[in-house]
Amino acid sequence: MDQAVSDQAQEADKHKGHDVAVAVITPVGIYPDEDDFRREPESTVIEQVLKAAAEKLKITNTSDWVAKVDGRKLDPHKTFKQEHLSGIVEIEYHKHEGGGGA
């Protein structure tokens with residue numbers, strides 16, 4: 001009987017969402033702040049966190065900004081899980097870096 005309860009608990013854990021500890025690093029500052037991370041369910045759409053960061057840091061126009069983790073560009077319309085992000089996530093959020101010419 002105990003084995004059946006244990007198996008059910010393990011199955012429930014597989015389907016339970018996990019939290020992500022996220023910080024957004026911008027040229028203006030860090031969200032939520034330099035000493036903390038924001039906990040979000042992995043099912044959260046990344047754009048929601050980026051909008052919250054822009055609002056808190058009073059950034060008025062992010063239309064040409066990109067979000068990256070470890071140099072990889074993120075699709076802000078996807079969830080953390082869809083972007084394979086877990087644990088502690090530091091998002092670099094800034095204007096797109098253009099390639100200059102000589």
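Structure's up top.
Residues numbered from 1 in each chain as written. Predicted model: local features only at pLDDT ≥ 70, side-chain atom pairs only at ≥ 80, totals over all residues. Heavy atoms only, no water.

1. Topic: helix α2 (residues 46-56)
Consideration 1: For α2, the set of buried residues is Ile46, Val49, Leu50, Ala53 and Ala54. Down the axis, α2 shows its buried residues gathered within 135 degrees of arc, on one side only. Residues of α2 that are exposed and angled more than 90 degrees away from the buried face: Lys51, Glu55 and Lys56.
Consideration 2: Of the residues flanking the end of α2, it is lysine 58, one or two places downstream, whose phi is positive at about 60 degrees. (Buried < 20%, exposed > 50% of the residue type's maximum accessible area, 1.4 Å probe, protein only. Helix = DSSP H or I, 4+ residues; strand = E, 2+ residues; numbered from the N terminus. Arc of directions from axis to C-beta.)

2. Examining the pairing of strand β4 (residues 65-69)
Consideration 1: Taken across its 5 residues, β4 has 4 buried, putting it largely inside the fold.
Consideration 2: Sheet topology note: the β4/strand β6 (residues 87-95) ladder contains 4 bridges and is antiparallel. Bridge assignment links alanine 67 to a residue of β6, and that residue is tyrosine 93.
Consideration 3: Following β4, the chain reverses through 2 residues before pairing antiparallel with strand β5 (residues 72-73); aspartate 70 in that reversal takes a positive phi of roughly 50 degrees. (Pairing = 2+ DSSP bridges.)

3. Some details on the packing of aromatic side chains
Consideration 1: The tally for this structure, following the rule as stated, stands at 1 aromatic pair.
Consideration 2: Their ring planes at 70 degrees and their centres at 5.1 Å tell us that tryptophan 65 and tyrosine 93 sit as a pair that is edge-to-face. A residue pair is termed long-range when its members are at least 10 positions apart, and tryptophan 65 in strand β4 and tyrosine 93 in strand β6 qualify at 28 residues. In this pair, the class of tryptophan 65 matches that of tyrosine 93, namely buried. (Phe/Tyr/Trp six-rings, centres within 6.5 Å; stacked < 30°, edge-to-face > 60°.)

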